[in-house]
Amino acid sequence: MSNPHYKLYPKKHVTVIKAPFSGGQGKSGVEDGPEQLLKSGLLHQIESLGWECSVADPLEGLDSAKMKANVEDVYERCKRPQMVSECCERIYKAVETCHQQGSFPLTVGGDHSIGMSTITAFVNAHPNGGIIWVDAHADINTSSTTCSGNLHGCPVAFAMGLDRKNWPPQFKWLDALKTLVKPEQITYIGLRDVDAGEKKILRDLGIKAFSMYHVDKYGINEVVRMAMEAVNPSGENPIHLSYDVDGIDPLYVAATGTPVRGGLTLREGLFIVEEVANSGNLAGLDIVEVNPSLATTDIHIVDTVNTGLSIAKCALGDTIL
Ligand SMILES: [Mn+2]
């Protein structure tokens, strides 16, 4: 049995948007995530669920290695703002095209910086939409609060326009967008490593967040229900899922850049996706931070990549029975 309905996608067409991007953090290898997932059968698995599939490669032609090596690409605390901005603008346009054409955008990273593109493209297409951000981290540092300067810790803040006056000047495309993400449009599941500055932002803006504490306390079913209710109170609006594989425990997902113990089990992690897909409102998905080169054994690669594939399949209607 596969999922009965995708309200927004009667044509059942998916565009896999490759985002082999690693400029939002220092480690290399995460740019190989998309290729690894494709090599392991992503397209075939999507097609076997009854979707037509095409691939977009918005970063094609960029010399990412050279861009990443440019030590002059710094603005105050922020590392590589030129690279992040240029790549994220391209990814924004690819996701925007999907929304315009009624093709499901499945963006495969790469690091989570690209979330600033996918969620802003989503709210510009669906101003009443809701976002569920599955992650160990809140990714809501601003250009002023970031300690590391790595922009993969900042995409939510940028997508919301926080601390805009201190943005690196390169982010003109983002500054020019008609719609940015509002605090009531986003919620989190899986948090367990949140910086002090981020806690203050979450509290001050009243952003609903479900940490691992809430998963333990209420169970994953109730947490997903509350999360969907938080960002989609009518039950009718589109939902975008931005899925950092580090939301799931490193026991299952070892090959990722910033693993944190005490995370979601594999089943909890997949249940979130099954349940959002089941609502019929799923409008798009990101799968990010798969980094095959951080594995110490082949099993780590297989586990992590298979988890990414399972997230994609659950989003597109795969069910156990
Ligand atoms: Mn993240």
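Preceding this section is the structure that the text describes.
Here is a short report on the structure shown in this document. (Residues numbered from 1 in each chain as written. Predicted model: local features only at pLDDT ≥ 70, side-chain atom pairs only at ≥ 80, totals over all residues. Heavy atoms only, no water.)

**As for the environment of Thr146**
Okay, step 1: Relative to the assigned elements, Thr146 resides in the loop between strand S6 (130–134) and helix H6 (155–160).
Okay, step 2: As a C-alpha pair, Thr146 and Cys78 span 68 residues in sequence and 7.9 Å in three-dimensional space.
Okay, step 3: When neighbours within four sequence positions are excluded, Thr146 is seen to be in contact with Arg77, Asn141 and Cys154. (Helix = DSSP H or I, 4+ residues; strand = E, 2+ residues; numbered from the N terminus. Contact = heavy atoms within 4.5 Å.)

**Here's the deal with the packing of helix H4 (residues 81–101) against helix H5 (residues 115–125)**
Okay, step 1: The geometry of H4 relative to H5 is characterised by a closest axis approach of 8 Å and an angle of 35° between their N-to-C directions. H4 and H5 meet at a crossing whose hand is right-handed. Residue-level contacts link Val84, Cys88, Ile91, Tyr92, Val95, Glu96 and His99 of H4 to Met116, Ser117, Thr118, Thr120, Ala121, Phe122, Asn124 and Ala125 of H5.
Okay, step 2: When the residues that make up the contact of H4 with H5 are grouped by side-chain class, the tally is nine nonpolar, five polar and one charged. (Axes fitted to C-alpha atoms, helices over the stretch in contact; angles between N-to-C directions. Left-handed = near helix turned anticlockwise from the far one by under 90°. Nonpolar A, V, L, I, M, F, W, Y, C, P; charged D, E, K, R; others polar.)

**Some points on the coordination of the manganese ion**
Okay, step 1: Ligation of the manganese ion by protein atoms is provided by His112 (ND1), Asp135 (OD), Asp139 (OD) and Asp244 (OD), these donors lying 2.0 to 2.3 Å from the ion.
Okay, step 2: Mapping the donors of the manganese ion onto the primary sequence gives the spacing H-x22-D-x3-D-x104-D. Of the two residues, His112 sits in the loop between strand S5 (104–109) and H5 while Asp139 sits in the loop between S6 and H6, which places them 27 residues apart along the sequence. Asp139 shares its class with His112; the two are buried. (Donors = N, O, S within 2.8 Å, 3.2 Å for Na, K, Ca; no water. Buried < 20%, exposed > 50% of the residue type's maximum accessible area, 1.4 Å probe, protein only.)

**Here we look at the state of the cysteines**
Okay, step 1: One pass over the structure, following the stated rule, counts zero disulfides.
Okay, step 2: Looking at the unpaired Cys88, the closest cysteine sulfur is the one in Cys87, lying at 6.9 Å.
Okay, step 3: When its relative accessible area of 0% is taken as the criterion, Cys88 is described as buried.
Okay, step 4: Cys98 takes part in no disulfide bond, and the closest cysteine sulfur, belonging to Cys53, lies 11 Å away. (Disulfide = S-S within 2.5 Å.)

**Brief notes about the environment of Glu236**
Okay, step 1: Along the chain, Glu236 falls in the loop between helix H10 (220–231) and strand S9 (239–244).
Okay, step 2: What makes Glu236 exposed here is its relative accessible area of 54%.
Okay, step 3: Glu236 sits 107 residues away from Gly129 along the chain, and the two C-alpha atoms are 9.2 Å apart.
Okay, step 4: Residues contacting Glu236, with those up to four places away along its chain left out, are Lys7 and Asn281.

**A closer look at unusual backbone geometry**
Okay, step 1: Gly110 follows Gly109 through a cis peptide bond whose omega is 15°.
Okay, step 2: The phi dihedral of Lys12 falls on the positive side, at around 50°, and the residue is not glycine.
Okay, step 3: Mapped onto the elements of the fold, Lys12 is located in the segment before strand S1 (13–19).
Okay, step 4: Its relative accessible area of 22% is what places Lys12 among the partly exposed residues.
Okay, step 5: Phi at Glu289 takes a positive value of approximately 70°, unusual for a residue other than glycine.
Okay, step 6: Looking at the element boundaries, Glu289 is found in the loop between strand S10 (282–288) and helix H12 (298–315).

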